[in-house]
Amino acid sequence: TQLLEQSPQFLSIQEGENLTVYCNSSSVFSSLQWYRQEPGEGPVLLVTVVTGGEVKKLKRLTFQFGDARKDSSLHITAAQPGDTGLYLCGRRGGADGLTFGKGTHLIIQP
Amino acid sequence: NAGVTQTPKFQVLKTGQSMTLQCAQDMNHEYMSWYRQDPGMGLRLIHYSVGAGITDQGEVPNGYNVSRSTTEDFPLRLLSAAPSQTSVYFCASSYSRFQETQYFGPGTRLLVL
């Protein structure tokens, strides 16, 4: 099993602050996805990163894929309460489907 | 499009009871899968299907059965529920096994007493 390690596990910050969460693996992956899951709902895809060094922006969210394609980060600028949720990274696993990290629980306090 | 739908939203079972969790998608997706989500464990793949009539096991298949008689439906059966199967279950689909974007349903919350 090729594990995805996410950090931090929990993060609680004030509205307006910046934050970065991480997704790391000991092995190279061809692509990586970031999902956000809100309470009581299923995960929703935010972005897929494919190329080493790639940076993608989604409004205030910036996703980066490491040059060696073993790690990825998600940076949120000026966090808002609507950013609250569980952030999951996922990659294609050995048994088809996706292998997910355990996620970062993010709380943005007004 | 309704996307991926799951029923029921909530279910309480007694140990040993059986039940079927329903999943349907209206996007004509070939690939469908079931995950369970547990605190501290993340999402783990139970079973998946790459098309009608074809199913295979994922990471945690024990205690669960699936079938795929149509493209649209992918039910998950618990033959004899155990407390260890208390979890939130998510169904997901994608256009094909090679497309990584998964569309998830809203989940079924199952409590086994």
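Just so it is clear, the model here is predicted, and its values are computed rather than measured.

**Q** Explain the packing of aromatic side chains to me, using residue names and the numbers behind them.
**A** According to the stated counting rule, one finds nine aromatic pairs over all chains in the structure shown. Considering the side-chain rings of B:Tyr35 and B:Phe104, the 5.7 Å spacing of their centres and the 45° angle between planes classify their relative orientation as tilted. Placement of the pair is B:Tyr35 in strand β4 (residues 31-38) and B:Phe104 in strand β10 (residues 103-104), with a sequence separation of 69 residues. The two residues B:Tyr35 and B:Phe104 agree in class, both being buried. Counting every residue linked through ring pairs, the aromatic cluster contains A:Tyr35, A:Phe100, B:Tyr35 and B:Phe104. Between B:Arg68 and the ring centre of B:Phe74, over which it is positioned, the NZ or CZ distance is 6.0 Å.

**Q** Give me the lowdown on the pattern of salt bridges, citing residues and values where you can.
**A** Tallied over the full model, the rule gives four salt bridges over all chains. Overlapping salt bridges, with partners in common, bring together B:Arg36, B:Asp38 and B:Arg44 in one network.

**Q** So, the nonpolar core: which residues are in play, and what are the values?
**A** If you look at the biggest cluster of nonpolar residues, it comprises 21 residues, and the most contacted ones within it are A:Leu19, A:Leu32, A:Trp34, A:Phe63, A:Leu74 and A:Ile76. Of all the elements in the fold, those that place two or more residues in this core are β3 (19-24), β4 (32-37), β5 (44-49), β7 (61-65), β8 (71-76), β9 (85-92) and β11 (104-109) of chain A. Within the second largest apolar cluster, 19 residues are counted, among which are B:Leu13, B:Trp34, B:Val66 and B:Tyr89.

**Q** Could you give an account of the state of the cysteines, naming the residues involved and the relevant values?
**A** Per the stated rule, a full pass over the model turns up two disulfides over all chains. The residue that forms a disulfide with A:Cys23 is A:Cys89, at a sulfur-sulfur distance of 2.0 Å. Here the S-S torsion is close to 75°, and the disulfide linking A:Cys23 with A:Cys89 is therefore right-handed. Highlighted residues: A:Cys23 in strand β3 and A:Cys89 in strand β9, separated in sequence by 66 residues. A:Cys23 sits in the buried class, given a relative accessible area of 0%. A:Cys89 gets classed as buried once you look at its relative accessible area, which sits at 0%. Paired through a disulfide, B:Cys23 and B:Cys91 show a sulfur-sulfur distance of 1.8 Å. Because the torsion about its S-S bond is -70°, the bridge between B:Cys23 and B:Cys91 counts as left-handed. In this pair, B:Cys23 sits in strand β3 (residues 19-25) while B:Cys91 sits in strand β9 (residues 87-94), placing the two residues 68 residues apart along the sequence. Across the pair, exposure class does not vary: B:Cys23 and B:Cys91 are buried alike.

**Q** Help me get a handle on the confidence of the model for chain A, residues and values and all.
**A** In this model, chain A carries an average pLDDT of 91, and 95% of its residues clear a pLDDT of 70 or more. For chain A, strand β10 (residues 98-100) of chain A is the element with the lowest average pLDDT, namely 85, and strand β2 (residues 10-14) of chain A is the one with the highest, namely 97.

**Q** Let's hear about the sheet that holds strand β8 (residues 76-78) of chain B: which residues, and what values?
**A** Residues and elements named next belong to chain B. Taken together, four strands build an open sheet; the order of strands is β1-β3-β8-β7 and the sheet is antiparallel. At either margin of the open sheet sits one strand with a lone partner, and together these are β1 (4-7) and β7 (64-66). This sheet shows a mean twist of 20° between the axes of neighbouring strands, independent of strand direction. Examined bridge by bridge, β1 and β3 share four bridges and lie antiparallel to one another. Within β3, the residue paired with threonine 7 across the bridge is glutamine 22.

**Q** How would you explain the pairing of strand β6 (residues 54-57) of chain B if you had to name every residue and give the values?
**A** Residues and elements named next belong to chain B. For strand β5 (residues 42-51) and β6, the ladder comprises three bridges, and the chain directions are antiparallel. Paired with tyrosine 48 across the bridge in β6 is aspartate 56. Between β5 and β6, which pair antiparallel one after the other, the connecting turn spans two residues, and glycine 53 there sits at a positive phi close to 85°.

**Q** Can you explain a nonpolar patch on the surface? Please cite residues and give values.
**A** There is a patch of nonpolar side chains on the surface, built from B:Val12, B:Leu111 and B:Leu113 and spanning about 280 Å² of accessible area. Note that B:Leu111 resides in strand β11 (residues 108-112).

The rules behind these values
- Residues numbered from 1 in each chain as written.
- Chains lettered and ligands numbered in written order.
- Predicted model: local features only at pLDDT ≥ 70, side-chain atom pairs only at ≥ 80, totals over all residues.
- Heavy atoms only, no water.
- Phe/Tyr/Trp six-rings, centres within 6.5 Å; stacked < 30°, edge-to-face > 60°.
- Helix = DSSP H or I, 4+ residues; strand = E, 2+ residues; numbered from the N terminus.
- Buried < 20%, exposed > 50% of the residue type's maximum accessible area, 1.4 Å probe, protein only.
- Lys NZ or Arg CZ within 6 Å of the ring centre and 35° of its normal.
- Salt bridge = Lys/Arg side-chain N within 4 Å of Asp/Glu carboxyl O.
- Core = buried A, V, L, I, M, F, W, Y, C linked by side-chain atoms within 4.5 Å.
- Disulfide = S-S within 2.5 Å.
- pLDDT = per-residue confidence, 0-100.
- Pairing = 2+ DSSP bridges.
- Axes fitted to C-alpha atoms, helices over the stretch in contact; angles between N-to-C directions.
- Patch = residues over 30% accessible without salt bridge, like charges linked within 9 Å, V, L, I, M, F, W, Y side chains within 5 Å.
- Areas by Shrake-Rupley, 256 points an atom, 1.4 Å probe, with all protein chains shown as cover.

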